[in-house]
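Fold and geometry: a report
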Amino acid sequence: MKPASFTILLGGHLTVTDRLKALTAGSRAIAADSGMRHASALGIVPELWAGDFDSSDAALIAQWPIVERRTYPATKAATDGEIAVAEAIARGATRLIVAGALGGERSDHALQHHLNALGLVEDGFEVVLTSGEEEAYPFADESELELELPKGALFSVLGFTALEGLTIRNARYPLTDFSLAFGSSRTISNVAEGPISVSLTRGRAVLLARPYDFSGA
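In this text, all values refer to a predicted model and were calculated from it rather than measured experimentally. Numbers given to residues run from 1 along each chain, matching the order in which its sequence is written. Residues qualify for local features only when their pLDDT is at least 70, as the model is predicted, and side-chain atom pairs are given and counted only at 80 or more; totals for whole chains, interfaces and linings, by contrast, use all residues. Derived side-chain values reflect all non-hydrogen atoms in the structure, with water molecules and hydrogen atoms excluded from consideration.

Further remarks concern the overall build of the protein. Secondary structure elements are taken from DSSP: a helix is a run of H or I of four residues or more, a strand is a run of E of two residues or more, and numbering for both begins at the N terminus. Each helix and strand counted, the protein has five helices and 13 strands in total. In terms of overall size, the protein behaves like a compact globule, its C-alpha atoms giving a radius of gyration of 18 Å where 217 residues would be expected to give roughly 17 Å. Principal axes of the C-alpha set define a box for the protein whose edges measure 55 × 40 × 30 Å. Residue burial in the protein is summarised as follows: out of 217 residues, 50% are buried. Residues are treated as being in contact if the distance between any of their heavy atoms lies within 4.5 Å. When contacts within the protein are restricted to residue pairs at least 6 apart in sequence, long-range pairs at least 24 apart make up 64% of them. Side-chain charges of the protein comprise 18 positive and 27 negative groups, with the mean position of each set lying 3 Å from the other. For this measure, only C-alpha atoms enter the radius of gyration; the expected value for a globule follows 2.2 Å times N^0.38, where N is the number of residues. Residue burial is assigned from relative accessible area. The probe radius is 1.4 Å, only protein chains are included, and a residue is buried under 20% of its type maximum, exposed over 50%, and partly exposed in between. The charged-residue count follows a simple rule in which Lys and Arg add positive charge and Asp and Glu add negative charge, with His and chain termini not counted at all. By convention, the point assigned to a charge is CZ for Arg, NZ for Lys, CD for Glu and CG for Asp.

Turn by turn, an α-helix covers 3.6 residues, leaving residues three or four places apart pointing in a common direction. Within helix 4 (residues 80–90), burial applies to D80, G81, I83, A84, V85, E87 and A88. Summarising the contacts, the buried residues of helix 4 are in contact with strand 1 (5–9), strand 2 (28–32), strand 3 (48–51), strand 4 (69–71), strand 5 (95–99) and helix 5 (107–122). G92 lies just past helix 4 and shows a positive phi near 100°.

This part is about the pattern of salt bridges. Here, a salt bridge means any side-chain nitrogen of Lys or Arg that lies within 4 Å of a carboxyl oxygen of Asp or Glu. Applying the stated criterion to the full structure yields 14 salt bridges. When the shortest N-O distance is used, the salt bridge between R202 and E164 registers 3.8 Å. Residue R202 is located in the loop between strand 12 (190–200) and strand 13 (205–210), and its partner E164 is located in strand 10 (residues 163–171); the two are separated by 38 residues in the primary sequence. Classification of E164 by relative accessible area gives partly exposed; the value is 38%. Salt bridges sharing common partners tie together R28, E47 and R91.

Next up on the list: the pairing of strand 5. Burial runs high along strand 5: five of the five residues are buried. Two strands pair if DSSP finds at least two bridges between them. Sheet topology note: the strand 1/strand 5 ladder contains five bridges and is parallel. Note that in strand 5 the partner of T7 across the bridge is I97. As paired elements, strand 5 and strand 6 (residues 126–130) share five bridges and run parallel to each other. Paired with L96 across the bridge in strand 6 is V127. Where the polypeptide runs from strand 5 across helix 5 and back to strand 6, its parallel neighbour, the crossover connection is right-handed. For crossovers, right-handed means that the path from the first strand over the helix to the second runs clockwise, given strands pointing away from the viewer.

Residues are said to line a cavity or pocket when one of their atoms sits within 4 Å of a point; the points come from a 1 Å grid over protein atoms alone, cavities being sets where a 1.4 Å probe fits but cannot get out and pockets being open sets with protein on both sides within 12 Å along at least five of seven lines. Grid points are joined across faces, edges and corners, and a volume is the space filled by probe spheres set on the points. In this structure, the largest pocket spans a volume of roughly 520 Å³. Along its surface, the largest pocket is lined by 25 residues, and G11, G12, S34, R106 and H109 are the ones closest to its centre. Secondary-structure elements contributing two or more residues to the lining of the largest pocket are helix 4 and helix 5. Here the element with the most residues in the lining of the largest pocket is helix 5; it accounts for three residues. Amino acids are sorted into nonpolar (Ala, Val, Leu, Ile, Met, Phe, Trp, Tyr, Cys and Pro), charged (Asp, Glu, Lys and Arg) and polar (every other residue, Gly among them). Class assignment of the residues belonging to the lining of the largest pocket gives a composition of five nonpolar, 13 polar and seven charged. Quantified by volume, the second largest pocket comes out at close to 190 Å³. Every residue lining the second largest pocket is listed: L23, R95, V121, F125, E126, V127, V128, Y137, P138, F139, S143 and L145. The set of elements that each furnish at least two residues to the lining of the second largest pocket consists of strand 6, strand 7 (135–139) and strand 8 (143–147). Here the lining of the second largest pocket is built from residues that sort into nine nonpolar, one polar and two charged.

Following this line, the structure appears as structure tokens:
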């Protein structure tokens, strides 16, 4: 069965690239508050616009009268992004592309997106976070990632716990069944030799890829 793919539009920085367009092609979409400002550039019409709307101005709201809006109080117990993800899951999402999730002015929000994504992966969802220029793929116990990257592209593996059985293939600095101590920088700034695969026996990690960055080549 083809996974039910949803793009979640967040308010962080987003660069529209060919990879981003390919990643979101054919998916349904939900916007979280000011994330709606990315919809036009991506050629997406979300089926729902959710949030407290404290960062969406009148001009943006007037631009999208046809999209259903669901307003939450500013004193809610979850971020607009988490609410949008929950709405997607309620509509049958099994794959989540969280666009505008990396970088931006609020580093606390960016870090929370990583933590939330790791929790979603442990619950069986497929998740990618993206800014268009960077892509983050959370993975956990007994899992393997295969990622199409151009030769010379930078990527890193960030351990959110100690990692056991970490294997990195087709990279300048490969690893086999490696134990990575929590907080170690050993797996920062690797270079893809083309499509890579990363597998893990135990732990929680995020693979952060920069498909357009060849500064390490």
